[in-house]
Amino acid sequence: MASDSEDDGFKATLYASGPSTEGGRIPLAELARIASEMQATLERLALALNGSQIKAGRRPREIVDAVRLDFVGFERGSAVLQVARTGQRSWDDDGLLKQSFTTLARGVKALEQGEPLPEAFTPQVINGLRSLTGGIGAKGITRIRVASTGAPEFEFNSGLRKALRAVSLSLVESEATVVGRLQMGDFSPASLLCRIDTYAGSIQCGFGSEIRDRVLDCMDQLVMAHGIAEMQPDGSTIRVLRILDIGPIDSPSSRSLDDLAREQHVAPLASVDELSGGDIDGINDFLAAISSVRGDDR
């Protein structure tokens, strides 16, 4: 690893291991997902550490620049990804970046040991880490070890993914179950998104690689999905649902006309004469009353 001098700047190395990295390779879609989620997590931590509110829209440029990393190298082995801060130094040099990495390492350790999380681990940071670890599984990447200059080493693995699921995100997120038709699936490793159309509207959903096949089997069906819901400010509308479990709902099938006819003892007509019935009691009195009203007896 490179020296921690001011000239060299901040550097970090990500060691990805698992079946999909054998031979010193890594799927491009997975590389893009890891890189984007890692960068977004650092930005969220930097905003929280700087006292800025995390909200939709453009983030403060100086904060984003302070933690921006560039991909600078790839080594064979498992899959060794090298990132560094190579751009122009901002107002705090590498201070905020190192602080963000250190806080991330502390938070990962706290999650693994069931300890209180750092104050900067906001619900948005937790949710981003859930997305980052969502692709970790036995068939792909099993773990990602992160070593850097100026911050403790930490690791993303299946244990961390389980710990993240157990974290309660009060007010911002809550468990929810929705029923609707599953539509619009994106099953690329970098996305894993779908949409559920309910009676109240459409809900955008994400899911982990571990239930990818189950979601695929449920496409275009009526489903019941359970997961962690990120709520709108009104507290009653789901903005995004992170699906943890999903299954199809059996819907009643349409019955044929022949089945309905047999059930009601109805048979086809053999003749038009069958439409005429027998004598109706009081029909003559009824017709006479009508004639009287019309004045036919005049």
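What you see is a predicted model; the values in this text were computed from it and never measured. Each residue is numbered by its place in its chain's sequence as written, counting from 1. Where totals are concerned, whole chains, interfaces and linings use all residues; where local detail is concerned, this predicted model gives features only for residues with pLDDT of at least 70, and gives and counts side-chain atom pairs only at 80 or more. Calculation of side-chain values draws on the structure's entire complement of heavy atoms; hydrogens and water are dropped beforehand.

Draft legend 1. Expanded view of helix H1 (residues 28-49). With 22 residues, H1 extends 32 Å between its outermost C-alpha atoms, agreeing within 8% with the 32 Å of an ideal straight helix rising 1.5 Å per residue. Secondary structure elements are defined from DSSP: runs of H or I of at least 4 residues count as helices, runs of E of at least 2 residues count as strands, and each element is numbered from the N terminus. Just beyond H1, the residue with positive phi is Gly51, at close to 80°. To estimate the expected span of a helix, count its residues, drop one, and scale the result by 1.5 Å.

Draft legend 2. Representation of unusual backbone geometry. Even without being a glycine, Met184 presents a positive backbone phi close to 50°. For Met184, the position within the fold is in strand E6 (residues 173-186). Buried, partly exposed and exposed residues are distinguished by accessible area as a fraction of the type maximum, computed with a 1.4 Å probe on protein chains only: under 20%, between the cut-offs, and over 50%, respectively. You can call Met184 exposed: its relative accessible area is 59%. Phi is positive for Asp220, close to 65°, though the residue is something other than glycine.

Draft legend 3. Focus on the packing of helix H4 (residues 123-133) against helix H5 (residues 158-166). Two numbers describe how H4 lies on H5: the axes approach to 10 Å, and their chain directions differ by 145°. Crossing geometry of H4 relative to H5 is assigned as left-handed. In contact with Ile126, Leu129, Arg130 and Thr133 of H4, H5 contributes Leu160, Arg161, Leu164 and Arg165. Of the residues belonging to the contact of H4 with H5, the class tally is four nonpolar, one polar and three charged. To obtain an axis, a line is fitted to C-alpha atoms, over the contacting stretch when the element is a helix, and the angle between two such axes runs from 0 to 180 degrees between their N-to-C directions. Helix crossings get a hand from a simple test, with the near helix turned counterclockwise from the far one by less than a right angle marking a left-handed crossing and a clockwise turn marking a right-handed one. Contacts between residues were defined by any pair of non-hydrogen atoms, one from each residue, lying within 4.5 Å. Residue type decides the class: Asp, Glu, Lys and Arg count as charged, Ala, Val, Leu, Ile, Met, Phe, Trp, Tyr, Cys and Pro as nonpolar, and the leftover types, Gly among them, as polar.

Draft legend 4. Spatial organisation of the environment of Ile228. Following the sequence through the fold, Ile228 ends up in strand E9 (residues 222-231). The class for Ile228 is buried, based on a relative accessible area of 12%. Separated by 53 residues in the primary sequence, Ile228 and Glu175 have C-alpha atoms spaced 4.6 Å apart.

Draft legend 5. Fine view of the pairing of strand E7 (residues 193-198). In E7, alternate side chains face the same way, and those of Cys194, Ile196 and Thr198 are buried while those of Leu193, Arg195 and Asp197 on the opposite face are not. When E7 meets strand E8 (residues 201-207), the two strands line up antiparallel, connected through six bridges. Within E8, the position partnered with Thr198 by the bridge is Gly201. Connecting the antiparallel pair E7 and E8 is a turn made up of two residues. We call two strands paired when DSSP finds no fewer than two bridges between them.

Draft legend 6. Up close: a nonpolar patch on the surface. Exposure above 30% relative accessible area and the lack of any salt bridge qualify a residue for a patch; like charges then connect within 9 Å, and the nonpolar side chains Val, Leu, Ile, Met, Phe, Trp and Tyr within 5 Å. Residue exposure ignores everything except the shown protein chains as possible cover, and the areas themselves are Shrake-Rupley values with a 1.4 Å probe. Any carboxyl oxygen of Asp or Glu within 4 Å of a side-chain nitrogen of Lys or Arg constitutes a salt bridge here. Residues Phe286, Leu287 and Ile290 make up a contiguous nonpolar surface patch of roughly 280 Å² in combined accessible area. Note on placement: Ile290 falls in helix H8 (residues 283-294).

Draft legend 7. Main features of the pattern of salt bridges. If you walk through the whole model with that rule in mind, you get nine salt bridges. The salt bridge partner of Arg145 is Glu153, with a shortest N-O separation of 3.3 Å. Glu210 is the salt-bridge partner of Arg161, the closest N and O atoms lying 3.7 Å from each other. Of this pair, Arg161 sits in helix H5 while Glu210 is found in the loop between E8 and helix H6 (212-217), placing the two residues 49 residues apart along the sequence. Linked through salt bridges whose partners overlap, the residues forming this network are Arg161, Arg165 and Glu210.

Draft legend 8. Region of interest: the confidence of the model for the chain. When the pLDDT values of the chain are averaged, the result is 80; 80% of them are 70 or greater. Here residues 1-7 scores under 50 on pLDDT; set against residues more than four positions off or in separate chains, the count is eleven contacts. A score from 0 to 100, pLDDT tells how confident the predictor is in each residue.

Draft legend 9. Region of the structure containing the side chain of Arg33. Here Arg33 lies in helix H1. Accessibility expressed as a relative area gives 6% for Arg33, which makes it buried. A polar side-chain atom of Arg33 sits 2.8 Å from the main-chain carbonyl oxygen of Leu132. N or O atoms closer than or at 3.5 Å make up a polar contact, with two conditions inside protein: a donor-capable atom paired with an acceptor-capable one, and, for residues adjacent in sequence, both atoms drawn from side chains.

Draft legend 10. Quick look at H5. Within H5, burial applies to Leu160, Arg161, Ala163 and Leu164. All buried residues of H5 project into a common sector of 165° when viewed along the axis, lining one side. Exposed and facing more than 90 degrees away from the buried side of H5 are Lys162 and Ala166. Of the surrounding secondary structure, the elements contacted by the buried residues of H5 are helix H3 (95-113), H4 and strand E5 (151-157). Capping the start of H5, Asn157 holds a side-chain oxygen 3.2 Å from the backbone nitrogen of Gly159, two or three residues further along. It is the directions from the helix axis to the C-beta atoms that the arc portrays.

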